[in-house]
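This is what each chain is made of:
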Amino acid sequence: MIHLGSLSRIRELDALRGFAVGGIMLVNTWQHASHEPQTVIDVTIEAAFQTRFYPIFSLLFGISFVLFLERAGRWVLLSRLGWLFVFGLVQHTWYEGEVLTDYAFYGLVVLLPASFLWPGLPVLLLGLGVTAWGVMVGGGVLLIPGMFLVGMALMQLRPSRELLLPGFGVSALAGVLLMGAAVTSGDWTLYTVAALAGAAAYSTGVLLVLRPWLSAVLEPLGRMALTNYVTGTLVIFLAGGLIDADPSRRSVLAVAGVTLVAQVLFSRWWLGRFRYGPLEWVWRMLTWFRYVPNRLESGRDQNRPLPDPGVT
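Residues numbered from 1 in each chain as written. Predicted model: local features only at pLDDT ≥ 70, side-chain atom pairs only at ≥ 80, totals over all residues. Heavy atoms only, no water.

A. Structural view of the pattern of salt bridges. Counted by the stated rule, this structure contains five salt bridges. Linking Glu 219 and Arg 11 is a salt bridge whose minimum nitrogen-to-oxygen distance equals 3.2 Å. Within this pair, whereas Glu 219 is found in helix H10 (residues 212–223), its partner Arg 11 is found in helix H1 (residues 7–31), the two being separated by 208 residues in sequence. Taking relative accessible area as the criterion, Arg 11 reaches 43% and is therefore assigned partly exposed. For Glu 70, the salt bridge identified is with Arg 158, shortest N-O distance 3.7 Å. With a gap of 88 residues between them, Glu 70 in helix H3 (residues 53–72) and Arg 158 in the loop between helix H7 (144–157) and helix H8 (164–185) connect regions that are remote in the sequence. When its relative accessible area of 54% is taken as the criterion, Glu 70 is described as exposed. (Salt bridge = Lys/Arg side-chain N within 4 Å of Asp/Glu carboxyl O. Helix = DSSP H or I, 4+ residues; strand = E, 2+ residues; numbered from the N terminus. Buried < 20%, exposed > 50% of the residue type's maximum accessible area, 1.4 Å probe, protein only.)

B. Fine view of helix H5 (residues 100–114). Between the first and last C-alpha of H5 there are 20 Å, a value that for 15 residues agrees with the 21 Å anticipated at 1.5 Å per step. Along its length, H5 reaches its greatest deviation from straightness, about 40 degrees, at Gly 107. Among all positions in H5, only Leu 100, Thr 101, Tyr 103, Ala 104, Tyr 106, Gly 107, Val 110, Leu 111, Leu 112 and Ala 114 are buried. In this fold, the buried residues of H5 make contact with H3, helix H4 (74–92), helix H6 (121–136), H7 and helix H11 (225–238). (Expected span 1.5 Å × (residues − 1). Bend = angle between axes of the 7 residues up to and from the residue. Contact = heavy atoms within 4.5 Å.)

C. Spotlight on the nonpolar core. Grouped together as the largest cluster of nonpolar side chains are 70 residues, with contacts concentrated most on Tyr 103, Leu 149 and Met 152. Among the elements that line this core, the one with the most residues is H3, at 11 residues. Those residues within four positions of Tyr 103 in sequence are excluded, and the remaining contacts are Tyr 54, Phe 57, Ser 58, Phe 61, Leu 81, Leu 84, Ile 144 and Phe 148. (Core = buried A, V, L, I, M, F, W, Y, C linked by side-chain atoms within 4.5 Å.)

D. The arrangement of the environment of Pro 145 in detail. The residue Pro 145 is located in helix H7 in this model. In the structure, Pro 145 is positioned 113 residues away from His 32 in sequence and 25 Å away in space, judged by C-alpha atoms. Each residue touching Pro 145, except ones within four places of it in the same chain, is listed here: Tyr 106, Val 110 and Val 130.

E. Region of the structure containing the packing of aromatic side chains. What the rule picks out here adds up to 16 aromatic pairs. Both rings, one in Trp 188 and one in Tyr 191, keep their centres 4.9 Å apart while their planes meet at 20 degrees; by these two values the pair is stacked. Of this pair, Trp 188 and Tyr 191 both sit in helix H9 (residues 188–209), three residues apart, roughly one helical turn. Residue Tyr 191 is classed as buried on the basis of its relative accessible area of 7%. Seen in terms of ring centroids, Trp 269 and Trp 270 are 6.3 Å apart; in terms of plane orientation they differ by 55 degrees. Their pairing is tilted. By relative accessible area, which is 15% here, Trp 270 ends up buried. The cationic tip of Arg 74 hangs over the ring face of Phe 116; the distance from NZ or CZ to the ring centre is 4.0 Å. Looking at Arg 80, its charged tip hangs above the ring of Phe 68, at a distance of 4.5 Å from the centre. (Phe/Tyr/Trp six-rings, centres within 6.5 Å; stacked < 30°, edge-to-face > 60°. Lys NZ or Arg CZ within 6 Å of the ring centre and 35° of its normal.)

F. Representation of a nonpolar patch on the surface in the model. A surface patch of nonpolar side chains, amounting to about 700 Å² of accessible area, comprises Trp 75, Leu 78, Phe 85, Leu 89, Phe 105, Leu 108 and Val 109. Looking at the nonpolar patch, the elements with two or more residues in it are H4 and H5. Looking at the nonpolar patch element by element, the count peaks at four residues for H4. Relative to the assigned elements, Leu 108 resides in helix H5. Assessed through its relative accessible area of 39%, Leu 108 is described here as partly exposed. (Patch = residues over 30% accessible without salt bridge, like charges linked within 9 Å, V, L, I, M, F, W, Y side chains within 5 Å. Areas by Shrake-Rupley, 256 points an atom, 1.4 Å probe, with all protein chains shown as cover.)

Rendered as structure tokens:
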């Protein structure tokens, strides 16, 4: 069966990354709306989607870190993280909630040092410990370093695909029970743990149900994750007045939905002609400090290189 190191599995991870991009777009749009009076949309997003997608994104960043480290080495990764921080600073000029600077910072202070550790179980235990610390001190962006390490360890251990189904069952049940307890008690720590369980359920569930038609929708989003994340936040900034003024919260669904449809269509069109997304291409050239050909030659689409393992 497929394992983490194979080409097919990398395509699955691109699809999972695209799923996370879509979820982040929905939640980020909703977070810029007024939540009074509370609506069914508010309750649904808070109970089923909020805090589920950044952990998935962070896990994939840790996985991609190992892939890139194997191919390029630490000095290139240092350059890559540095330029990611610059992208984040630029994005911060219109979107204060950006996480690119957090990803670059934690990549530098957590992932690079962890790459010197004995791979596999030690990194996994450290990741679980750092995640537990992140939960206890409030969650949010503090979950990123732990998820980075867990993703790094999973790539090093390369677990069997046969664990997906039991993993989905356990995490889905835990997520539902913990969310019920969190709603009853109002405990934010329980809510964060429930959200992490939900992220695990979504991740394993997507990989279990992934089919060619679904992959064809999600993969382009995932391969152009940086471009789609940045342009998505720009849309939220520009549509902020509309979103905040709508008491029904239907504008949240409309803005997020239209943006994602446009991004899927554009990503598919672009990747039919180019190897890397627009910002991914710029990021790659800055990382290597040289020009990188991007346009696909006619008739060679089937021989295109692997998608860039780097992710934001």
